[in-house]
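Understanding the architecture of this molecule
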Amino acid sequence: MPERTVVVASTHGLHARPAALFAQAAAKAGVPVQLKKGEKSVNAASILGVISLGIDHGDEVVVSVDGEGSKEVLDELAELLATDQDA
Amino acid sequence: MTTLTGSGVGRGIAVGPVLRMPDPMPEPASTPSTIGPDGEKQRVTNAIASAAEDIRARGERAGGKAQEVLEAQALMADDPTLRSDIDVRIDNGATAERAVFEAFAAFREMLLGIGGYFGERATDLDDVSQRVIARLAGVAAPGVPDSEVPFVLVARDLAPADTALLDLEKVLAVVTSEGGPTSHTAILARDKALTAVVGVDGALALADGVLVIVDAAAGSVIADPSENEQASAGAEREARAKRADVPIQPGALADGTPVPLLANLGSVDGIDAAVAAGAEGVGLFRTEFLFLDATEAPSVAAQYGHYSKLLRGFAGKKVVVRVLDAGADKPLSFLTEAHEENPALGLRGLRVLRVKEQILRDQLTALARAGAESDADLWVMAPMVATVEETRYFVAIAHELGIKTAGVMVEVPSSALLAGRVLDVAAFASIGTNDLTQYTMAADRLLGSVSSLQDPWHPAVLRLVREVGRAGAAHGKSVGICGEAAADPLLAVVLVGLGATTLSMSPAAIGDVRAELLQHTREQAVALAAAAVDAEDGKSAREAVRALISGAV
């Protein structure tokens with residue numbers, strides 16, 4: 001399954017607003033997306049799942065996508081994570 | 001008609017229909033489902049869809065930052081992870097209500113466990129959970145109700161989050177069954193010049209749509225008034241508006257005795273509003289805001305910038321700055337570390353600054369530097385001073401670092417009782433009536449269960465104020481009032497009668513207080529004060545003062 005490792009750029013990590021933006025984008029992808037920090041992996045389309053990872057600024061996370069057009073989806077989501085949404 | 005009574009906030013009078021704020025939803029019972037998993041799941045699907053739609057619609061109406069927050073809440077409502085958790089609980093026999101309640105509670109615990117920014121989202125989850133459960137139960141969602149027409153909001157009490165969402169165009173007045181004169185509701189009402197009566201017994205029995213007259217000056221709520229009563233309420237409102245329509249001028253009594261009216265400010269943002277209201281200076285500048293989000297104390301240079309701006313806004317006028325007051329209801333991560341059983345009685349105010357003296361030294365240095373360059377008259381005071389020795393400590397360190405006028409806040413009964421000794425050392429005293437009431441009555445300001453004791457009209461509190469007033473007069477030193485009490489126009493007159501020489505309040509209250517002071521001479525104020533301190537409790541003190549005034553007119 002294609003995956004990408006990204007360092008999270010938002011100043012306060014993936015709290016409500018950046019997490020909402022990310023979960024919405026993942027839900028729109030139309031294919032299952034997983035977000036993983038350390039050993040824990042969640043459905044990336046779930047804002048509560050994303051928040052529950054407690055991702056801070058500078059944390060390394062892995063996005064993985066299964067299915068059609070996974071490269072484009074990965075590009076888009078990785079860019080979202082690497083952008084500071086709090087700026 | 002029925003008349004209910006409580007503590008009025010301000011002088012307003014309003015007439016309008018009641019709209020009740022729904023109570024928080026009770027915890028759903030954990031009885032087993034009777035309609036089976038499929039039926040329960042369908043109910044959840046419908047409730048979530050309609051709650052999410054409602055939240056999004058509110059977001060669109062609010063716009064801006066609020067819309068982003070509400071959009072995130074809508075996403076939480078129809079979250080797939082949460083939904084699978086709810087479904088598992090339903091498969092195990094739970095009702096839709098119970099499953100939603102438990103699933104949200106589990107996520108809430110998890111967020112609190114992560115802490116920090118994430119923990120703060122826990123309250124969002126509570127709100128969403130309540131809304132979904134309200135849909136399931138077929139009742140109105142909790143929170144401030146929406147209405148097309150103006151209404152009188154009736155609630156148990158308002159939370160800060162509710163008050164932030166109040167549409168002041170629509171809310172004619174607020175009536176609460178709980179809360180005292182220092183509750184969030186009262187503070188907000190004062191700040192926004194909103195008519196309010198708080199702590200009204202029987203308020204929750206008022207039904208939606210019932211017409212009420214809310215009279216803050218009388219502390220009364222009249223349900224189903226006659227046409228005559230409505231007409232006289234209207235006339236009274238105009239009469240009060242006319243009386244309150246005093247041109248902006250320095251505060252004074254009817255006989256010309258000056259009583260400077262000063263502003264309480266929490267940040268430099270409030271300067272313009274204070275000047276516009278005719279504030280003759282600043283009686284309490286709270287410096288906590290500079291520190292609230294900080295993980296370490298701000299530098300001398302950063303503080304200096306803020307203080308300079310403040311002093312520039314009040315050139316030629318008096319500005320009283322209170323050094324950092326941390327602890328109890330406003331913990332600061334870099335100052336208040338230890339968990340205390342009774343934080344209001346713990347290491348707070350000046351006590352904690354003594355432990356971390358460098359923070360105090362930096363703040364005084366920044367203040368002295370800003371003061372030296374300004375032609376404002378800078379006074380600096382310490383919070384939560386309990387002893388003469390603490391007074392001596394603060395005054396000495398303030399002088400050492402270049403502060404010319406150093407005083408103390410009188411918030412603890414011990415320093416009120418020894419005010420003469422305290423004023424031997426301090427250049428002035430400023431009475432913080434909120435904390436003085438809390439400590440005199442042994443009633444935590446943050447506890448609703450004892451809010452009826454939080455009454456600054458209580459003669460025990462007033463007698464302590466009198467001690468300070470007498471000491472001030474004997475020493476020829478200024479005794480200010482900077483608590484919520486000074487914003488209550490009638491109480492303000494009593495406080496002047498007890499010897500207060502200046503009054504400081506939120507800028508919105510200055511107009512009403514100025515108008516009320518002009519109705520009474522110094523001699524009358526002293527007589528009103530004497531009646532108040534002779535009463536047996538706050539309620540009878542208020543009644544005695546009102547009776548004296550109506551008899552005199």
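The preceding data block contains the structure.
What counts as what
- Residues numbered from 1 in each chain as written.
- Chains lettered and ligands numbered in written order.
- Predicted model: local features only at pLDDT ≥ 70, side-chain atom pairs only at ≥ 80, totals over all residues.
- Helix = DSSP H or I, 4+ residues; strand = E, 2+ residues; numbered from the N terminus.
- Buried ≥ 20, exposed ≤ 12 C-beta atoms within 10 Å, placed from the backbone.
- Contact = placed C-beta atoms within 7 Å.
- Pairing = 2+ DSSP bridges.
- Axes fitted to C-alpha atoms, helices over the stretch in contact; angles between N-to-C directions.
- Parallel < 35°, antiparallel > 145°, perpendicular 65-115°, else oblique.
- Left-handed = near helix turned anticlockwise from the far one by under 90°.
- Nonpolar A, V, L, I, M, F, W, Y, C, P; charged D, E, K, R; others polar.
- Core = buried A, V, L, I, M, F, W, Y, C linked by C-beta atoms within 7 Å.
- Expected span 1.5 Å × (residues − 1).

**Brief notes about the overall build of chain A**
Within chain A one finds three helices and four strands. Reading chain A from its N end, one meets helices and strands in the order β-α-β-β-α-β-α. Every one of the 87 residues in chain A was classed for burial, and the buried ones make up 40%. Of the contacts formed within chain A by residues at least 6 apart in sequence, a portion of 70% connects residues at least 24 apart.

**Concerning unusual backbone geometry**
All names here are of chain B. Look at Met384: it is not a glycine, yet its phi comes out positive at around 60 degrees. A residue is classified by how many C-beta atoms lie within 10 Å of it, and Met384, with 26 of them, is buried. Positive phi, close to 50 degrees, is recorded for Ala442, a residue that is not glycine. Relative to the helices and strands, Ala442 resides in the loop between helix 17 (433-441) and helix 18 (459-475). Given 9 C-beta atoms within a 10 Å radius, Ala442 is considered exposed.

**Observations regarding the sheet that holds strand 2 (residues 33-37) of chain A**
Residues and elements named next belong to chain A. In space, the four strands of this open sheet follow the order 1-4-2-3, with antiparallel pairing throughout. Pairing within the sheet leaves two strands with one partner each, and these edge strands are strand 1 (3-7) and strand 3 (40-43). Going across the sheet, the axis of each strand differs from the next one's by a mean of 25 degrees, ignoring polarity. Direction of pairing for strand 2 relative to strand 3: antiparallel, over a ladder of four bridges. Bridge pairing links Lys37 to Lys40 in strand 3. Contacting strand 1, strand 2 and strand 4 (60-65), helix 3 (residues 70-81) crosses the sheet at an angle of about 155 degrees to strand 4.

**Details of the pairing of strand 6 (residues 195-198) of chain B**
Residues and elements named next belong to chain B. Going residue by residue along strand 6, you find Thr195 and Val197 tucked away on one face and Ala196 and Val198 tucked away on the opposite face as well. In this structure, strand 2 (residues 7-9) lies alongside strand 6, joined through three bridges in antiparallel fashion. Each residue of the ladder has a partner; that of Gly8, found in strand 6, is Val197. Alignment of strand 5 (residues 171-176) against strand 6, held across three bridges, turns out to be parallel. The residue of strand 6 that forms the bridge with Val175 is Val197.

**A closer look at the packing of helix 19 (residues 489-497) of chain B against helix 20 (residues 510-517) of chain B**
Residues and elements named next belong to chain B. Close contact between helix 19 and helix 20 brings their axes to 8 Å; oriented N to C, the two are set at 55 degrees. By the angle between their directions, the pair helix 19 and helix 20 is classed as oblique. Where helix 19 crosses over helix 20, the handedness of that crossing is right-handed. Residue-level contacts link Pro489, Leu490, Ala492 and Val493 of helix 19 to Asp512, Val513, Glu516 and Leu517 of helix 20. Considered class by class, the residues forming the contact of helix 19 with helix 20 number six nonpolar, no polar and two charged.

**Thoughts on the interface of chain A and chain B**
Facing the 18 residues of chain A at the interface are 16 residues of chain B. Of all the secondary-structure elements, those providing two or more residues to the side of chain A that touches chain B are helix 1 (16-28), strand 3 and helix 2 (47-52) of chain A. Among the residues forming the side of chain A that touches chain B, the class breakdown is eight nonpolar, nine polar and one charged.

**Some thoughts on the environment of Ala487 of chain B**
All names here are of chain B. Structurally, Ala487 is set in the loop between strand 15 (478-481) and helix 19. Residues Ala487 and Asp512, 25 residues apart in the sequence, show an inter-C-alpha distance of 8.3 Å. Leave out the neighbours within four places in its chain, and Ala487 touches Arg190, Met505, Ser506, Ala509 and Val513.

**Section: the pairing of strand 3 (residues 13-20) of chain B**
All names here are of chain B. Relative to strand 7 (residues 211-215), strand 3 is paired through five bridges, and the arrangement is antiparallel. Among the inter-strand pairings, Pro17 is bridged to a residue of strand 7, identified as Leu211. Looking at chain direction, strand 3 and strand 4 (residues 151-155) are connected through three bridges and run parallel. From the neighbouring strand, Leu19 faces strand 4, where its bridge partner is Leu153.

**A closer look at the nonpolar core**
Grouped together as the largest cluster of nonpolar side chains are 101 residues, with contacts concentrated most on Val319, Val380, Ala429, Val494, Leu495 and Leu503 of chain B. Residues Ala74, Leu75, Phe101 and Leu125 of chain B belong to the second largest nonpolar core, which totals 56 residues.

**Some words on helix 3 (residues 80-91) of chain B**
Residue and element names in this part refer to chain B. Here helix 3 spans 16 Å end to end across 12 residues, near enough to the 16 Å set by a 1.5 Å rise per residue. Looking only at helix 3, the buried set comprises Thr81, Leu82, Ile86, Arg89 and Ile90. One or two residues past the end of helix 3 sits Gly93, with phi positive at roughly 110 degrees.

**Some remarks on the packing of helix 11 (residues 300-313) of chain B against helix 13 (residues 357-372) of chain B**
Residues and elements named next belong to chain B. Where helix 11 contacts helix 13, the two axes come as close as 8 Å, and the packing angle between them is 40 degrees. By the angle class used here, helix 11 and helix 13 are oblique. In terms of crossing hand, the pair formed by helix 11 and helix 13 is right-handed. Seen from helix 11, the contacting residues are Val300, Gln303, Tyr304, Tyr307, Ser308 and Leu311; seen from helix 13, they are Asp362, Gln363, Thr365, Ala366, Leu367, Arg369, Ala370 and Gly371.

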